[in-house]
Amino acid sequence: MCSEGGRRSQPLWRRRVSVGLDGCEDDDSGVFCWNESSSSDADASPPPGRLRRCGTWPRTRSLNAPSPIQQFGPCGRIMKNSAMVMTIQDPASQRLTWYKPPLTVLVIKKVRDVSVLSPFVQLVRWLIEEKRMVVFVEQSVMDDSLLLTNSEFTGVKDKLMTFRDGKDDLTDKIDFIICLGGDGTLLYASLLFQQSVPPVMAFHLGSLGFLTPFEFENFQEQVTNVLEGHAALTLRSRLRCIIMRKNEEVTKNTKPTNLLVLNEVVIDRGPSPYLSNIDLYLDGKHITSVQGDGLIVSTPTGSTAYAVAAGASMIHPSVPAIMVTPICPHSLSFRPIVVPAGVELKISVSPDSRNTAWVSFDGRNRQELFHGDSLRVTTSIYPVPSICAQDQISDWFDSLAECLHWNVRKRQKHLDELSDLTHSSSNDTLDSLEHTEQLDS
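Residues numbered from 1 in each chain as written. Predicted model: local features only at pLDDT ≥ 70, side-chain atom pairs only at ≥ 80, totals over all residues. Heavy atoms only, no water.

Q: Before we move on, could you go through the overall build of the chain and cite the residues and values that matter?
A: Scanning the chain from terminus to terminus reveals 9 helices and 26 strands. Taking all 441 residues of the chain together, 43% fall into the buried category. Residue pairs at least 24 apart in sequence account for 68% of intrachain contacts in the chain once pairs closer than 6 positions are excluded. Here the chain has roughly 23800 Å² of accessible surface; of this, 50% comes from carbon and sulfur atoms. (Helix = DSSP H or I, 4+ residues; strand = E, 2+ residues; numbered from the N terminus. Buried < 20%, exposed > 50% of the residue type's maximum accessible area, 1.4 Å probe, protein only. Contact = heavy atoms within 4.5 Å. Areas by Shrake-Rupley, 256 points an atom, 1.4 Å probe, with all protein chains shown as cover.)

Shown next, in the form of structure tokens:
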């Protein structure tokens, strides 16, 4: 139940995890490891009572993939490193489980869209009256004149809890999130929770809906299934972005810009007519200088957003990676690259750049980067647990087909439908075809 002030000491949901070959387990509160024995048995399990915290990780090094073999041939193997976590588990086994019944739900709806009002009222009334849940909404929703004149909404208006973005802290107050609208509602949910994020169920009521797999028609059945723990999860990684200012000292009162983004962080030339000149470092090593309109650093989730429009590949959200995509580079050979999720990127304005740069985080909080400033980007340990309508694979490929029309084309006709090759086959030669024509004549 709730602790004093309506806050819980930990969220009510967790992801089922399994211990990998290296004996490490990823938990809500951090990463835990057990002391390895000298045995190389891949099926070995951690001794009871020997789990220990490995410390605070500067960046995640987890791989959502089957456990890799750590021994190569008779003699070679990976050097033991206590600061390295090789695996979590197979993503197909990532399923939601509640260890307490969820009591509070945050409902986020698309703004300035009349078509969302009716579904919003239906959902809120059902959650309050049927499920007996405490429903949170943003204060601006309560100020909507169209909602205030809705007779069905007035009956539950006084039962809603409200919050103001940027003023009220929702950490540990929300058990479950429901989004009504497009992809922007999921991005907004990510913005609201800059640490642990409650499970998010997104209904497609917007324009594109690549990240919103649920249809609203039978919402009662679908929400009930999720509340009962019958749901698969996609853990959508986020990027932690920190701006370090050259002329600012970090004190308790002045902290650097520190944001988590779900899609991408974009560095561009802003209003300047000159090319941006940006230095890119990877784990402290200078990789290249970007000359062009800018640079996109995106998550796998963001690879199907701005990055794909700039020519990047599309990456499944369970792939542990960071994508670096130039925007209109002044070089024909500068192609997008994918780097491991565990690296740290540093982006700064080149000393000889003619202009400054501008940075935005998921399309928000746009600010200027001056000479000497730097932007540090790493993979956050706090993903967005997005609930699947079916499973990780089906949801993603359905979105590719329905939203982006991926690989949609007219199918090639069968040979029997071609008038000039009705008698030919893949084994026919020109001589045999000529012989056949002579016989027919």
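There is more to say after this.
Q: Would you mind going over the packing of aromatic side chains in detail, with residue names and values included?
A: The tally for this structure, following the rule as stated, stands at 8 aromatic pairs. Note on Phe216 and Phe219: the rings are 4.6 Å apart at their centroids and 15° apart in plane angle, and the pair reads as stacked. Among the residues examined, Phe216 registers a relative accessible area of 10% and is labelled buried. Residue classification places Phe219 among the buried positions, given a relative accessible area of 3%. An angle of 50° between the planes, with centres 5.8 Å apart, marks the rings of Phe397 and Trp406 as tilted. Its relative accessible area of 44% is what places Trp406 among the partly exposed residues. Among the aromatic residues, those joined into a ring-pair cluster are Trp126, Phe203, Phe214, Phe216 and Phe219. (Phe/Tyr/Trp six-rings, centres within 6.5 Å; stacked < 30°, edge-to-face > 60°.)

Q: Give me the nonpolar core: which residues, what numbers.
A: Phe120, Leu127 and Phe176 are the most contacted members of the largest nonpolar core, which has 36 residues in total. Of all the secondary-structure elements, those providing two or more residues to this core are β7 (96-98), β8 (104-109), α1 (117-129), β9 (134-138), α2 (139-142), β11 (176-181), β12 (200-204) and α6 (219-227). Broken down by element, the residue count for this core peaks at 8 residues, all from α1. Excluding residues within four positions of it along the chain, Phe176 makes contact with Trp98, Thr104, Val105, Leu106, Pro198, Pro199, Met201, Val223, Val226, Leu227 and Ile387. If you look at the next biggest cluster of nonpolar residues, it comprises 26 residues, including Ile243, Ile267, Val297 and Phe334. (Core = buried A, V, L, I, M, F, W, Y, C linked by side-chain atoms within 4.5 Å.)

Q: Can you lay out the side chain of Asp279 for me, pointing to particular residues and giving the numbers?
A: By secondary structure assignment, the location of Asp279 is in strand β17 (residues 276-282). Among buried charged residues, Asp279 stands out as having no salt bridge; its nearest opposite-charge side chain is Lys346, 8.1 Å away. Reaching out from Asp279, the side chain makes a polar contact with the side chain of Ser350 at a distance of 2.7 Å. Look past the residues within four positions of Asp279 in its chain and what remains in contact with it is His286, Thr288, Ser289, Lys346, Ile347, Ser348, Ser350 and Pro351. (Lys, Arg positive; Asp, Glu negative; His and termini not counted. Salt bridge = Lys/Arg side-chain N within 4 Å of Asp/Glu carboxyl O. Polar contact = N/O pair within 3.5 Å; in protein donor to acceptor, adjacent residues only side chain to side chain.)

Q: An account of the environment of Thr288 is requested, with residue identities and associated values reported.
A: Summarising the element assignment, Thr288 is placed in strand β18 (residues 285-292). A relative accessible area of 26% means that Thr288 is categorised as partly exposed. Between the C-alpha atoms of Thr288 and Ile278, which are 10 residues apart in sequence, the distance is 8.5 Å. Residue contacts for Thr288: discarding those within four places in its chain leaves Ile278, Asp279, Leu280 and Phe334.

Q: Which residues make up the sheet that holds strand β25 (residues 374-379), and what values do they have?
A: Spatial strand order, β15-β14-β25-β22-β17-β18: 6 strands in an open sheet with antiparallel pairing. Each edge of the sheet is formed by a strand with only one pairing partner; in this case those strands are β15 (258-261) and β18. Averaged over all neighbouring strand pairs, the angle between strand axes comes to 25°, with direction disregarded. Across 4 bridges, the pairing between strand β14 (residues 239-244) and β15 is antiparallel. When the bridges of β15 are listed, Arg240 appears paired with Leu260. (Pairing = 2+ DSSP bridges. Axes fitted to C-alpha atoms, helices over the stretch in contact; angles between N-to-C directions.)

Q: Before we move on, can you summarise empty space enclosed by the protein with the specific residues and values?
A: A complete count under the given rule lists 1 cavity of 30 Å³ or more for this structure. Estimates place the volume of the largest cavity at around 130 Å³. Taken together, 16 residues form the lining of the largest cavity, with Phe210, Thr234, Arg236, Asp395 and Trp396 sitting closest to its centre. Within the residue set of the lining of the largest cavity, elements represented by two or more residues are β13 (233-236), β26 (384-387) and α8 (392-403). The dominant element in the lining of the largest cavity, judged by the number of residues it contributes, is α8, at 4 residues. (1 Å grid on protein atoms, 1.4 Å probe; cavity = no way out; pocket = protein on both sides within 12 Å on 5 of 7 lines; lining within 4 Å. Points joined across faces, edges and corners; volume = space filled by probe spheres on them.)

Q: How would you explain α1 if you had to name every residue and give the values?
A: Spanning 13 residues, α1 covers 18 Å between terminal C-alpha atoms, matching the ideal 18 Å at 1.5 Å per step. Within α1, the full set of buried residues consists of Leu117, Pro119, Phe120, Val121, Leu123, Val124, Trp126, Leu127 and Ile128. (Expected span 1.5 Å × (residues − 1).)

Q: Residue-level account of the side chain of Asp373, with values.
A: If you trace the backbone, Asp373 turns up in the loop between β24 (364-369) and β25. For Asp373, a relative accessible area of 4% puts it in the buried group. Polar side-chain contacts of Asp373 include one of 2.9 Å to the backbone nitrogen of Phe370. Residues in contact with Asp373, not counting those within four places in the same chain, are Met244, Arg245, Lys246, Ile347, Ser348, Val349 and Glu368.

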